[in-house]
Amino acid sequence: MPIPLDLQHATEQFDRFLADARDTAGLGTRNQAYTMVDGVLRVFRRRVSVEEAIRFAGVLPPVLRAIFVADWDTAEPRRPFADRETMTAEVQDLRRHHNFAPASAIADVAAALRRSMDADKLDRVLATLPEGAADYWKA
């Protein structure tokens, strides 16, 4: 069987996504965009069960899937979905001294994610997750 195309072009796809997230958020560098994306993924991951997170990860592009599960403490207590301002502050707390995520970080990453993948596929999975999950990924 040949290597799936999404794996063959994972780096290029991630580079396009990261540039889009950077530009959407008005950030200056890829490093700033990476920290923002990492924070947005971690904040979401804290609010779903391991089984739900794996289902969600299964629809992500390969590099984002890897970032989503990297450094995961599966014993960390699950948090409830909160208002956007509270969750954005949590995003901004990751690597605080090197984090330039704007107040729009979650929506910015959501918009870039939706442009980089099949949004219908994402929405189908989000519909199976707890209340608040679909709202989290609204652009």
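This report concerns the structure included in the present document. Sequence order as written defines the numbering, with residues in each chain counted from 1. Selection of residues for local features in this predicted model requires a pLDDT of at least 70, selection of side-chain atom pairs for listing and counting requires 80 or more, and totals for whole chains, interfaces and linings are taken over all residues. Hydrogens and water molecules were not included; the side-chain quantities draw on all heavy atoms of the structure.

**Notes on the pattern of salt bridges**
Oppositely charged side chains can form a pair if their charged atoms are brought close together.
Right, on to step 1. Basic side-chain nitrogens of Lys or Arg form a salt bridge, by our definition, when they fall within 4 Å of a carboxyl oxygen of Asp or Glu. What the rule picks out here adds up to 15 salt bridges.
Right, on to step 2. Taking the shortest distance from any N to any O, the salt bridge between R30 and D15 comes out at 3.2 Å. Of this pair, R30 sits in helix α3 (residues 30-45) while D15 is found in helix α2 (residues 10-25), placing the two residues 15 residues apart along the sequence.
Right, on to step 3. The closest approach of N and O atoms between D38 and R95, which form a salt bridge, is 3.0 Å. Pair noted here: D38 is in helix α3 and R95 is in the loop between α6 (84-93) and α7 (105-116), with a separation of 57 residues, a long-range link.
Right, on to step 4. Relative accessible area decides the class of each residue, using a 1.4 Å probe on protein chains only: under 20% of the type maximum gives buried, over 50% gives exposed, and in between gives partly exposed. A relative accessible area of 3% places D38 in the buried class.
Right, on to step 5. Assessed through its relative accessible area of 34%, R95 is described here as partly exposed.
Right, on to step 6. One continuous salt-bridge network, built from bridges that share partners, spans R46, R47, E76, R79 and E90. Each helix is a run of DSSP H or I of at least 4 residues and each strand a run of E of at least 2, with the numbering of both proceeding from the N terminus.

**Observations concerning the nonpolar core**
Right, on to step 1. F17, F44, F56, L64, Y136 and W137 are the most contacted members of the largest nonpolar core, which totals 40 residues.
Right, on to step 2. Elements supplying a minimum of two residues to this core: α2, α3, α4 (50-57), α5 (62-69), α6, α7, α8 (119-126) and α9 (133-136).
Right, on to step 3. Among the elements that make up this core, the one with the highest residue count is α3 (seven residues).
Right, on to step 4. Ignoring anything within four residues of it in the chain, the contact list for F44 reads F56, F68, F81, L126, L129, A133, Y136 and W137. Buried Ala, Val, Leu, Ile, Met, Phe, Trp, Tyr and Cys residues form a nonpolar core when they are joined through side-chain atoms within 4.5 Å. The contact definition used throughout considers only heavy atoms, calling two residues in contact when any of these lie within 4.5 Å.

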